Amino acid sequence: MIYVNNLSKLFGDFVAVNDLTFNILPGDVVGFLGPNGAGKSTTMKMLTGFLAPSTGGIQIADLSMAEDAKKIKKLIGYLPEGAPAYGDMTPIQFLHFIAKIRGLKGKHKAERINTVIKQVDLLGVLDKPIENLSKGFKRRVGLAQAILHDPDILILDEPTDGLDPNQKHQVRELIQNLAKEKIVIISTHILEEVTAVCNRVMIISAGQLRFDASPEALLAKSKYHKAVTLHLSYPSDISGLLELPGVIDMEHERSTGRVTLLTQNGADVLHDVTEHIKDRRLPVDTIFVEQGRLDQVFRDITQGVKA
Amino acid sequence: MGTVFTLFKRELASFFATPVAYVFITIFLILSSVFTFFIGSLYERGQADLLPFFNFHPWLYLFLVPAIAMRTWSEERKSGSIELLMTLPISTLQALLGKFFASWAVLGLSLLLTFPLWLTVNYLGQPDHGVIVAAYVGSWLMAGTFLAIGMCMSAMTKNQVVAFILAVVVCFLFVVSGSNIVLDAFKDWAPSIVIDTIASFSFLTHFESIAKGVLALNDVGYFLISITLWLYASLLIIEHKKAD
């Protein structure tokens, strides 16, 4: 439903977004990743109609952003970076204001407001000025206004920034429950969030799209994908592990006794490794297969650009 | 129109949720009384009219209206709430009008609250009510022009102090361009058409007759057109600079 063609944005000489082309379909929960200044927020600002692209076009639900921005804005719920709101208003005043602007009326309006208040758990702070609320509550007020009109497209710029682990969990659940036939785009710095809620990952670096596939595919790019990590109770001769078929490298941290066996092309080596441990009576107390390490893949993808 | 009204109500509520409106109205009332009684010598003149009151309005507005206007856009941009506002299904014009009318309403309310002065001259003599109503309307229009200039300056910068100073300077130019100090500087060498043009841009020139109760079309038109032009300029500036 979202078609982005050759989208670029320049600020003076600085190229913030460089020739992005992608489509997002209903049901996609997209995790937007990238280092600071990579162009994530700028792209989101263009998708929501706040910024006009320098070149290229955006089509949402068969409408062109250049011509029908107002109609498109009705379809979108947006949480801007930092969750700005009107500090002098209370959350309940703020939600009523947004509801009126969004054209919600009467019983439906009251129902929607009550629903989102429950969804993001704002009940205790409804009558306190937003500027006096904690960071977590401010973020939730921002989320509440974004989902208030039950939009088909939800764009959230760092929705869990500043939330404690419980609140993060709550927000992730909220997003998972929303997204059946909707489009959700989330930008985040928290890599685990992507595997937790998204079914598609887009990595942007220096304004360019560097990766666009499922979180599983992202994990598979890791050299630790399917690597076997084990922990030794006390030092022991483990050189034999490196000779097992499929194992191409071994990382051994002597201080912690942690050993990681890297495999070739994600080969399944767990069985051989356990056999070997049994034969040699190695003092292994923990053993598990790694999914891949996102931070390392993230670094490879985003820093590779500059090199 | 419904959208503009919703925005208007939010802006107006925000004036009264913060001390801004209360402080503004109080200061406006105190200063306008001080000017009227001590500098304008309302009693000593021995005339039952409000000319001493209205004559000081351009100078009063010069500092007070930019103080109301400075926050309109600067604050939105500083806090980032402009991003929220501009991604709602509203047009920039609707947002602009909502803000303008809310601030203008606060100015109108301040003017209305000077009614004890009117009662005073009623007690002292028989003033011409038509003149006073016309002067009130004219003063409100002029306040709107100051406001439109202030909002335009507020749209230019994130910094409220800068917005305030810019607005005072620009307003000052428009006020003094009709005063003798400025016109004398041109008198010796410039052709009269230049002097007339400069004078015709001045708030003082246009407000002079309004303060006496003459609501002439060209004076009213001048303020209305000025408001429109400055608001249009704000619109262009916001569209251009909203994301900076």
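Conventions adopted
- Residues numbered from 1 in each chain as written.
- Chains lettered and ligands numbered in written order.
- Predicted model: local features only at pLDDT ≥ 70, side-chain atom pairs only at ≥ 80, totals over all residues.
- Heavy atoms only, no water.
- Helix = DSSP H or I, 4+ residues; strand = E, 2+ residues; numbered from the N terminus.
- Rg over C-alpha atoms; globule rule 2.2 N^0.38 Å.
- Buried < 20%, exposed > 50% of the residue type's maximum accessible area, 1.4 Å probe, protein only.
- Contact = heavy atoms within 4.5 Å.
- Areas by Shrake-Rupley, 256 points an atom, 1.4 Å probe, with all protein chains shown as cover.
- Lys, Arg positive; Asp, Glu negative; His and termini not counted.
- Charge placed at Lys NZ, Arg CZ, Asp CG, Glu CD.
- Buried area = accessible area lost by both parts, 1.4 Å probe.
- Salt bridge = Lys/Arg side-chain N within 4 Å of Asp/Glu carboxyl O.
- Domains from an automatic or database assignment.
- 1 Å grid on protein atoms, 1.4 Å probe; cavity = no way out; pocket = protein on both sides within 12 Å on 5 of 7 lines; lining within 4 Å.
- Points joined across faces, edges and corners; volume = space filled by probe spheres on them.
- Nonpolar A, V, L, I, M, F, W, Y, C, P; charged D, E, K, R; others polar.
- Patch = residues over 30% accessible without salt bridge, like charges linked within 9 Å, V, L, I, M, F, W, Y side chains within 5 Å.
- Pairing = 2+ DSSP bridges.
- Axes fitted to C-alpha atoms, helices over the stretch in contact; angles between N-to-C directions.
- Phe/Tyr/Trp six-rings, centres within 6.5 Å; stacked < 30°, edge-to-face > 60°.

1. Some details on the overall build of chain B
Okay, so step 1: The secondary structure content of chain B amounts to 15 helices and zero strands.
Okay, so step 2: Against the globule reference of 18 Å for 244 residues, chain B gives a C-alpha radius of gyration of 19 Å, in line with a compact fold.
Okay, so step 3: Projecting the C-alpha coordinates of chain B onto the three principal axes gives extents of approximately 55 × 50 × 30 Å.
Okay, so step 4: The buried share among the 244 residues of chain B stands at 52%.
Okay, so step 5: Taking all contacts inside chain B whose residues are at least 6 apart in sequence as the whole, residues at least 24 apart take part in 77%.
Okay, so step 6: Accessible surface computed for chain B: about 10,800 Å², of which carbon and sulfur atoms make up 72%.
Okay, so step 7: The average position of the 12 basic charges and that of the 14 acidic charges among the side chains of chain B differ by 11 Å.

2. Thoughts on the interface of chain B and chain A
Okay, so step 1: Each side of the interface is counted separately: chain B has 26 residues, and chain A has 22 residues.
Okay, so step 2: Across the chain B to chain A interface the summed buried area is about 2,200 Å²; carbon plus sulfur atoms make up 69%.
Okay, so step 3: At the surface where chain B touches chain A, the tally comes to two salt bridges.
Okay, so step 4: A:Asp88 serves as the salt-bridge partner of B:Arg10, at 4.0 Å between the closest nitrogen and oxygen.

3. Some points on the domain arrangement of chain A
Okay, so step 1: In terms of domains, chain A is made up of domain 1 (2-220) and domain 2 (228-290).
Okay, so step 2: Centre-to-centre separation of domain 1 of chain A and domain 2 of chain A, based on C-alpha positions: 43 Å.

4. Quick notes on empty space enclosed by the protein
Residue and element names in this part refer to chain A.
Okay, so step 1: Following the criterion strictly, the structure yields one cavity of 30 Å³ or more and no others.
Okay, so step 2: A volume near 30 Å³ is recorded for the largest cavity.
Okay, so step 3: For the lining of the largest cavity, the elements supplying multiple residues, two or more each, are helix 4 (106-120), helix 5 (135-147) and helix 6 (165-178).
Okay, so step 4: When residues of the lining of the largest cavity are assigned to their parent elements, the largest contribution, three residues, is made by helix 6.
Okay, so step 5: Tallied by class, residues from the lining of the largest cavity come to four nonpolar, two polar and one charged.

5. Describing a nonpolar patch on the surface
All names here are of chain B.
Okay, so step 1: A cluster of nonpolar side chains, namely Leu109, Leu112, Leu113, Phe115 and Leu119, defines an oily patch on the protein surface of about 460 Å² accessible area.
Okay, so step 2: Relative to the assigned elements, Phe115 resides in helix 9 (residues 115-124).
Okay, so step 3: Under the relative-accessibility criterion, Phe115 is labelled partly exposed at 44%.

6. Describing the pairing of strand 12 (residues 247-253) of chain A
When a strand is regular, its side chains alternate between the sheet's two faces.
All names here are of chain A.
Okay, so step 1: When strand 12 meets strand 13 (residues 258-263), the two strands line up antiparallel, connected through six bridges. From the neighbouring strand, Met250 faces strand 13, where its bridge partner is Leu261.
Okay, so step 2: Once strand 12 ends, the chain turns through four residues before running back antiparallel as strand 13, passing Gly257 with a positive phi of about 75°.

7. A short note on the environment of A:Asp88
Okay, so step 1: Mapped onto the secondary structure, A:Asp88 falls in the loop between strand 6 (76-79) and helix 3 (91-101).
Okay, so step 2: Given a relative accessible area of 17%, A:Asp88 falls into the buried group.
Okay, so step 3: Between the C-alpha atom of A:Asp88 and that of A:Glu131, which follows or precedes it by 43 residues, the distance is 6.4 Å.
Okay, so step 4: Apart from the residues lying within four places of it in its own chain, the contact partners of A:Asp88 are A:Gln93, A:Glu131, B:Arg10, B:Ser14, B:Ala17, B:Thr18 and B:Arg71.

8. Examining the sheet that holds strand 12 of chain A
Residues and elements named next belong to chain A.
Okay, so step 1: Pairing is antiparallel in the open sheet, where four strands are placed in the order 12-13-11-14. Since the sheet does not close on itself, it has two edges, and those belong to strand 12 and strand 14 (284-289), each with one partner. Pairs of neighbouring strands in the sheet enclose a mean axial angle of 15°, with direction left out of account.
Okay, so step 2: Relative to strand 13, strand 11 (residues 228-232) is paired through four bridges, and the arrangement is antiparallel. Across the sheet, Val228 pairs through a bridge with Leu261, a residue of strand 13.
Okay, so step 3: With respect to the sheet, helix 9 (residues 270-280) is in contact with strand 11, strand 13 and strand 14, its orientation differing from that of strand 14 by roughly 170°.

9. Comments concerning the packing of aromatic side chains
We describe a pair of aromatic rings using the distance from one ring centre to the other and the angle between the two ring planes.
Residue and element names in this part refer to chain B.
Okay, so step 1: One pass over the full model with this rule turns up 23 aromatic pairs over all chains.
Okay, so step 2: Between the aromatic rings of Phe174 and Trp230, the centroid separation amounts to 6.0 Å while the plane-to-plane angle is 80°, which identifies the pairing as edge-to-face. With Phe174 in helix 11 (residues 160-176) and Trp230 in helix 15 (residues 217-241), this residue pair connects regions lying 56 residues apart in the sequence.
Okay, so step 3: By relative accessible area, Phe174 is classed as partly exposed at 21%.

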